[in-house]
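Take a look at the letters that make up each chain.
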Amino acid sequence: MLKLHYNLEKVSMGLVGAIIAVASVGGLVEIAPLFTIEQTVVIPDDMRPHTPLELAGREIYIREGCYACHSQMVRSLADEVDRYGPYSLSSESAYDHPMLWGSKRTGPDLARLGGKYSDDWHVAHLMDPRAVIPVSIMPAYPWLTRSLDTDLIAENLATLARLGVPYDEAMIDNAMADARAQSQPEADGADGLRDRYGDDITVRAFDGDPSRLTEMDALVAYLQSLGTLTDAAHEMFAEDKP
Amino acid sequence: MTMTATLTSTERRIGFAISAALAVLGLTMAAVAKSGPMAVHGAMALVLGVALVFHLGGALYDHPEPSNRRHAEYYDAPTRFGIVMTLIWAVVGMGVGVWLAALMYWPEATPLWPGTSYGRLRPVHTSGVIFGFGGNALIATSFYVLQRTSRARLADAVSPWFVLIGFNLFCAWAATGYLMGQTQSKEYAEPEWYADLWLVVVWVTYFVLYIRTLARRAEPHIYVANWYYMAFILVVAMLHIVNNLALPVTWGSGESFTIWSGVQDAMIQWWYGHNAVAFFLTAGFLGMLYYFLPVRAQRPIWSYRLSILSFWGIVFFYMWAGSHHLHYTALPYWVQTLGMTFSIMLLVPSWASAGNAIATLNGAWHKVRDDAVLRFMFVAAVFYGLSTFEGSFLAIRPVNALSHYTDWTVGHVHSGTLGWVAMIVFGAIYSMVPKLWGRDDMAWPKAVEWHFWLAITGTLIYVVSLWNAGITQGLMWRAYDEGGALSYSFIESVEAMLPYYAARTLGGALFLAGAVLCALNCGATMRAAGDQVDEADRPLYTQPAE
Ligand code: HEM
Ligand code: HEM
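All of these numbers come straight from a predicted model, not from anything done at the bench.

### A look at the domain arrangement of chain B
Residues and elements named next belong to chain B.
Turning to step 1, where the next piece is worked out: Each assigned domain of chain B is listed with its residue range as follows: domain 1 (1-61) and domain 2 (77-527).
Turning to step 2, where the next piece is worked out: The C-alpha centroid of domain 2 is placed 30 Å from the C-alpha centroid of domain 1.
Turning to step 3, where the next piece is worked out: Opposite the 21 residues of domain 1 that make contact, domain 2 presents 21 residues.
Turning to step 4, where the next piece is worked out: Overall, the association of domain 1 and domain 2 removes approximately 1700 Å² of surface from exposure, summing both partners, and the carbon and sulfur fraction of that is 79%.
Turning to step 5, where the next piece is worked out: Inspection of the domain 1/domain 2 interface yields zero salt bridges.
Turning to step 6, where the next piece is worked out: Taken together, the connections running from domain 1 to domain 2 amount to three residue pairs in polar contact (both at pLDDT 80 or more).
Turning to step 7, where the next piece is worked out: Those elements that provide at least two residues to the side of domain 1 that touches domain 2 are helix 1 (9-33) and helix 2 (37-57).
Turning to step 8, where the next piece is worked out: Residues of the side of domain 1 that touches domain 2, tallied by class, amount to 17 nonpolar, three polar and one charged.

### Brief notes about the coordination of the iron atom of ligand 1
Turning to step 1, where the next piece is worked out: Donation to the iron atom of ligand 1 from the protein comes from one atom only, His-412 of chain B (NE2), at 2.1 Å.
Turning to step 2, where the next piece is worked out: In this structure, His-412 of chain B sits in helix 15 (residues 407-436).

### Here's the deal with the packing of aromatic side chains
Residue and element names in this part refer to chain B.
Turning to step 1, where the next piece is worked out: In total, this model carries 44 aromatic pairs over all chains according to the counting rule given.
Turning to step 2, where the next piece is worked out: Both rings, one in Tyr-228 and one in Phe-311, keep their centres 4.9 Å apart while their planes meet at 90°; by these two values the pair is edge-to-face. Residue Tyr-228 is located in helix 7 (residues 224-243), and its partner Phe-311 is located in helix 9 (residues 304-317); the two are separated by 83 residues in the primary sequence. Each member of the pair, Tyr-228 as well as Phe-311, carries the same accessibility label: buried.
Turning to step 3, where the next piece is worked out: Here a set of aromatic residues connected by ring pairs shows up, and it is made of Phe-131, Phe-143, Phe-167, Phe-170, Trp-203, Tyr-206, Tyr-210, Phe-232 and Phe-280.
Turning to step 4, where the next piece is worked out: Lying over the aromatic face of Tyr-144, Arg-148 brings its terminal NZ or CZ to 3.7 Å of the ring centre.
Turning to step 5, where the next piece is worked out: Its guanidinium or amino end placed over the ring of Tyr-333, Arg-397 lies 3.9 Å from that ring's centre, counting from NZ or CZ.

What counts and how
- Residues numbered from 1 in each chain as written.
- Chains lettered and ligands numbered in written order.
- Predicted model: local features only at pLDDT ≥ 70, side-chain atom pairs only at ≥ 80, totals over all residues.
- Heavy atoms only, no water.
- Domains from an automatic or database assignment.
- Contact = heavy atoms within 4.5 Å.
- Buried area = accessible area lost by both parts, 1.4 Å probe.
- Salt bridge = Lys/Arg side-chain N within 4 Å of Asp/Glu carboxyl O.
- Polar contact = N/O pair within 3.5 Å; in protein donor to acceptor, adjacent residues only side chain to side chain.
- Helix = DSSP H or I, 4+ residues; strand = E, 2+ residues; numbered from the N terminus.
- Nonpolar A, V, L, I, M, F, W, Y, C, P; charged D, E, K, R; others polar.
- Donors = N, O, S within 2.8 Å, 3.2 Å for Na, K, Ca; no water.
- Phe/Tyr/Trp six-rings, centres within 6.5 Å; stacked < 30°, edge-to-face > 60°.
- Buried < 20%, exposed > 50% of the residue type's maximum accessible area, 1.4 Å probe, protein only.
- Lys NZ or Arg CZ within 6 Å of the ring centre and 35° of its normal.

Below, the structure is given as C-alpha cells:
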C-alpha cells in the first residue's frame, strides 16, 4: 500500500484521477437512488402547484432571505408535531425549485403556517413585527407595500413547467390575469383561477386593498398557502390516530 | 512591484486582450439585462475591464521588460495581491458578521432600507468570509506553497492574475447581488447562473495553472500540502457544477430555477453544503497547515503514513456525510443512517490530521510559547480537533434531534471557522507577509501577540455563549409540563436567547478587532517594505531564458 502510494505521489494526473474517483462514490450511492426508488416521493392525487401569485410571493420570500431564519420542514419528532402539526412529507416540496427546508430556526417553522393567522395579522406583522409580538427580533419589511413586479410571472411558470412542475398551457397563458384575480375576490377572474388551481385556494384582497397588486399581496398569499397544497399529511395523521 | 512591472510585453498584450474581452462581456450583460442586478453586474465587469485595459495599455510599449533573472525567483506578486484581498474581505465579512450579531439582539436598528435587511446581509457575511476571506487566502497561499514545495516558478504569469481578479469579481457580484435581492437561496451557493458560469471559467484556469506548475517540479514527489490543495480545487469544481445546475428564466433576467426539487434538491444541496465545509473550509486549509506549521516550527511532519491515511479518509468519508444535515426530515431513513455512520467514521482521519499537526510540534513547545505566529497555528490545529469532534457528535441522530435548527449549529460553525479556519489563515499571513515584503518581521511584532489574545478570547466567548444558547433553545422546544402540553411558546425561547446573543456580539467584536489590527499591521509592514532576499528561497528548476 505504502509503496503504491509512494509511486502515486509522483504522477500528478494519477493523483487527480484518484481524487475524483474516491470523492465520487459517496454522492453516487446516496443521491442516484433518490431519483430511482419510487417510494422516495409519492405525489398525492390532490397535490397542486403554487398559483402565480403565491409563486411571486415565494420569490419575495427568497429575495428577502426569510429562509435564513425560518425552516419549512417539520421533523418527525413528537414535540415538533405537537407544536407545528403533522411532520412534512417529501411530496409536499416535490414541486419546489429549490426546496426551502432551511437550517436554522431563529423564528418558528413555517411549513404548516397556512390558515393559522388572518391576513391582517400577517400584514401588521410584516410591517412591524413588534406591533404584534413585542419581544420579536424579526426585522420589519415596510417596503412590501410597493407594487408587485409582474414582468416575469408567465416566464416563471413556463420555466418551472419545463422542469416538470405540472403547469399546463392555460395556466401559463393566464398567469398574469390569475395573479391579479387572486387578490380581487369581487372581480370576474376568480372563477377561471379556481378552475385551474382548484376550489381550495384562497382568493382575497390579502393586503386589504383589492385595487392594487402589491408585494404584500403576493407574500401573504404565499404564506397562507404553506402546508395547504395537499391534505396528504393530515390524512395520514388521521389514519394513524383512530 | 505592481502587476505590469512583472509582465513581459507579450504577457501585457495577452492581459490587455483578456481585459478588453471582460469589458465586452460586461457591456453585453448590461445590454441584454437592461436593468436589475444583472445589468449592475455587467456594469461592474465593464468598469473593471476598462480599468485593466488602461492599466495594461499604458504599459504596453514604453515600460521596461522585467529582467531575465526573474526565472530564478518565485512569482509572488499575485500572492501579495491575494493577501491584500484576503485582509479586505476579512474586515468586510467579519464586520457584517458583527453587525448581524448585533441585529439579532437589537432588531430595531435595522435601517428601513431593503438592502440592509438581515436576510439579505446574512449571505453577504457567509460568502464574504468563506469565499472572500477564505477563498483569497486559499488561492494566495496555494501559489506560494505550490512553488516552494515544487521548487518551480508558476507556469505562466497571466493566469494567476486572471484567477485572482476573476475570483474577486465573482465575490463582488455575489455580495452586491444579495443586497439587490438576487439569490438562488441555496446556502453557500447563492449567486445566480451567470456568476456560477464565470466561476467555472476561473476555476478551470486555476486547475490548469496548478497542474502545469506541478509538472515543472524539481522534486519527484508531490508534497502532502499539494494533495490537499488539489482535492480542494477538484472537488469544489464538482460540487459547484452539480449543485448549481439551473434553468435561467430569461437570458436577461439574472434569475433561474434550480433543476433539482424537493427531497433530491435537499440532498444535493447538503452534499454540496457539507463538502463546501470539507473541501473549501477544510482540505485547502489543511494544505496550509501541512506547509506553514512544519516550516515555522522547523520540524518535519511527524508521520508520513498518518498523512496518507488522513488524506484519503477525508476525501472518501466526507462525501457521504452531507445527509446528517437532514436527520428526521422527509429524506429516506437509509440515507440519514449512512450520513450518520460516515460522519462518525470521519472522526478518525480528522483526528489523525489534527494529531499529526500537534505531534509535529513535539520538541518545539518553547517556540509555541514564544512565537505568537506558531501559536496561531497550534490553536488552529486544536480547534480543528475540537470542531470535528463536535461535528461527529452532532451528526448522531438523537443528538441532532436536539441541536438541529438551534444556535448550537452556529456555535459549531464558528468554532470551526474562527478557531480553525481564521486562525490558520492568520498564522499563514504572519508567516508570509514579512518575507514577501523583504523584511525580517512584521512592522509591529507586539500587535501579533495582541491579535492572538483578541482572537482566542473572541472565539471562546462566541462559541461558549452559543453552546449555551443552542442547548437551552433545544431543551425549551421539547419541554412538556405535567399535563402533557408543551411548556414554552416559541417566543419564550427567543427571549431566552437575548443574553447569549449579546455575549456573542461582544465575542465577535473582539475577534473583528483582532482582524482589523492584523490588517493595519500588514499595511504598515507593506509600507515599510525592505529589500531582504532569502537566497535559499528560489526555484531549482530554471527555465531557459528567452
Ligand atoms: C468531522 C468533521 C465534521 C462533522 C462530522 C460535522 C458535522 C456537522 C453537523 C452534524 C452539523 C449540523 C447539521 C444540522 O443539524 O443542520 C454541521 C454543521 C456545520 N458545520 Fe460541521 N462538522 C464537521 C466539521 C466542521 C468544520 C471543521 C467546519 C468549519 C470549518 C464545519 C462547518 C459547519 C458549518 C458551516 C455548518 C452549518 C451548515 C448550515 O446549517 O448552514 N464543520 N456539521
Ligand atoms: C467577527 C467574527 C464573526 C461574527 C460576529 C459572525 C457572526 C455571525 C452571525 C450573527 C451569523 C448568523 C447566525 C444565525 O443566523 O443565527 C453567522 C453565520 C455564519 N457565519 Fe459567521 N461570524 C463571524 C466570523 C465568521 C467567519 C470567519 C466565518 C468563516 C470563515 C463565518 C462563517 C459563518 C457561516 C458559515 C454562517 C452560517 C451558519 C449556518 O447557516 O448555520 N463567520 N455568523
